[in-house]
Amino acid sequence: MRILVVEDSVLLQKSLCLALRKSGHLVDGTGDGEEGLWLARENPYDVIVLDWMLPGCDGISIVQRLRKEAREMRVLMLTARDAVEDRVDGLESGADDYLVKPFAMAELLARVQALGRRGSGERRGRLRVGDLEIDLVRRTAMRAGVPLDLTAREYQLLEYLARKPGAVISRREIEAHIYDDLTEPMSNVVDSAICILRKKMAVFPEAPSLIRTRRGMGYMLGETGEDA
């Protein structure tokens, strides 16, 4: 998943970004509310980890603005406020979940993963497309029961395609989810990654490709259709 962390505590922000990246996610971080709102509007994040109290623009205002604009990313609100009325205010503003500081990092990671599953419509930690099965908890994939030997980035690409089965996804959209701001992808990096992924998914002779190319448009994951 691609995740935005908006937290003004430098130490906590670094810890959150590091833990999320180690879990295989692409992460952007900022400590300023206005910059966080701008990033959320400019990038297709799956989940936003958002502090309540921020310079520039507070977390409640950010959520309210995003919801008015019909932005669909999931929001996990962080705050030191633990009164029931505060939790109600946070959820009623449009946040999807609420976590009180201090918290265990393992719990935050689990909540982020759950929000990602909710956003994709998946409930049991698995995605299935034809004979392809992806375990979102273990971050592994199998085709026809055969485990796929994937790098972290190949897994991220496959998971992203599997979250939108049958939908054509452009190269630019793939780059936005698979490469963070610290990476400058080459012009053909997506095409090369798709080619390698197709080869790794050919687990038996004559195995039909699940990844389809739509020339001039992008790629899609599905059982039917021909490359064009």
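What counts and what doesn't
- Residues numbered from 1 in each chain as written.
- Predicted model: local features only at pLDDT ≥ 70, side-chain atom pairs only at ≥ 80, totals over all residues.
- Heavy atoms only, no water.
- Helix = DSSP H or I, 4+ residues; strand = E, 2+ residues; numbered from the N terminus.
- Buried < 20%, exposed > 50% of the residue type's maximum accessible area, 1.4 Å probe, protein only.
- Contact = heavy atoms within 4.5 Å.
- Pairing = 2+ DSSP bridges.
- Axes fitted to C-alpha atoms, helices over the stretch in contact; angles between N-to-C directions.
- Salt bridge = Lys/Arg side-chain N within 4 Å of Asp/Glu carboxyl O.
- Phe/Tyr/Trp six-rings, centres within 6.5 Å; stacked < 30°, edge-to-face > 60°.

**Q** Mind showing me how you'd approach the overall build of the protein chain here?
**A** Check the secondary structure of the protein chain and you find eight helices and 11 strands. Relative to its full complement of 228 residues, the protein chain shows a buried share of 47%. Restricting to contacts in the protein chain with at least 6 residues of sequence separation, those with at least 24 account for 55%.

**Q** What is the right way to read the sheet that holds strand β6 (residues 126–129) from this model?
**A** Strands in a sheet are paired, the pairing made by backbone hydrogen bonds, and the direction either parallel or antiparallel. Strand order in the open sheet formed by four strands is β6-β7-β8-β9, and the pairing between neighbours is antiparallel. In this open sheet, the two strands that pair with only one neighbour each are β6 and β9 (146–147). Against the sheet, helix α6 (residues 152–162) touches β6, β7 (132–135) and β8 (140–143), its axis set at about 110 degrees to β7.

**Q** Looking at this structure, how should I read the pairing of β6?
**A** Side-chain positions along a regular strand alternate between the two faces of the sheet. Covered by surrounding structure in β6 are Leu127 and Val129 only, the residues Arg126 and Arg128 on the alternate face being uncovered. Sheet analysis places β6 next to β7, joined by four bridges and oriented antiparallel. Among the inter-strand pairings, arginine 126 is bridged to a residue of β7, identified as aspartate 135. In sequence, β6 turns back onto β7 through a hairpin of two residues, with glycine 130 there showing a positive phi of about 60 degrees.

**Q** So what exactly am I meant to see when it comes to the pattern of salt bridges here?
**A** Side chains carrying opposite charge are able to pair once their charged atoms draw close together. Counted according to the given criterion, the structure contains 16 salt bridges. Residue arginine 2 pairs with aspartate 28 through a salt bridge whose shortest N-O separation is 2.9 Å. With arginine 2 in strand β1 (residues 2–6) and aspartate 28 in strand β2 (residues 26–30), the pair connects residues that are 26 residues apart, well separated along the chain. Overall, arginine 2 belongs to the buried group, its relative accessible area being 2%. Taking relative accessible area as the criterion, aspartate 28 reaches 6% and is therefore assigned buried. Taking the shortest distance from any N to any O, the salt bridge between arginine 67 and aspartate 96 comes out at 2.8 Å. Taken as a pair, arginine 67 in helix α3 (residues 59–68) and aspartate 96 in the loop between α4 (84–92) and β5 (97–100) lie far apart in primary sequence, 29 residues in all. Here arginine 67 falls in the partly exposed class, since its relative accessible area comes to 26%.

**Q** Can you walk me through the environment of leucine 210 in this structure?
**A** Relative to the helices and strands, leucine 210 is located in the loop between α8 (189–201) and β10 (211–214). Here the alpha-carbon distance between leucine 210 and glycine 222, two residues 12 residues apart in the chain, equals 5.3 Å.

**Q** Looking at this model, I keep getting lost on the sheet that holds β1. Mind explaining?
**A** Taken in spatial order, the five strands line up as β2-β1-β3-β4-β5 in an open sheet, and their pairing is parallel. Edge strands, defined here as strands with exactly one partner in the open sheet, are β2 and β5. Taken pair by pair, the neighbouring strands of this sheet meet at an average axis angle of 15 degrees, ignoring direction. Note that β1 and strand β3 (residues 47–51) share four bridges and pair parallel. Within the sheet, the bridge partner assigned to isoleucine 3 lies in β3 and is valine 47. The strands touched by α3 within the sheet are β3 and β4 (74–79), with β4 carrying the most contacts at an inclination of about 170 degrees.

**Q** It is not clear to me how unusual backbone geometry should be interpreted in this structure. Could you clarify?
**A** Keep in mind that most residues, glycine aside, have a negative phi and that most peptide bonds are trans. Residue proline 102 is reached from lysine 101 by a cis peptide bond, and omega for that bond is -10 degrees. Checked against the element boundaries, proline 102 lands in the loop between β5 and α5 (105–120). For alanine 144, which is not glycine, the phi dihedral falls at a positive 55 degrees. Relative to the elements of secondary structure, alanine 144 occurs in the loop between β8 and β9. Given the relative accessible area of 43%, alanine 144 is considered partly exposed.

**Q** What's the story with the packing of aromatic side chains in this structure? I'm lost.
**A** Where two aromatic rings form a pair, the distance of their centres and the angle of their planes describe that pair. The full count for this structure, using the stated rule, is one aromatic pair. Ring geometry for tryptophan 52 versus tyrosine 98: centroids 6.3 Å apart, planes at 85 degrees, classification edge-to-face. One end of the pair, tryptophan 52, is in the loop between β3 and α3; the other, tyrosine 98, is in strand β5, and 46 residues separate them in sequence. We note that tryptophan 52, like tyrosine 98, is buried.

Keep in mind that these numbers describe shape and distance, not what the molecule does.
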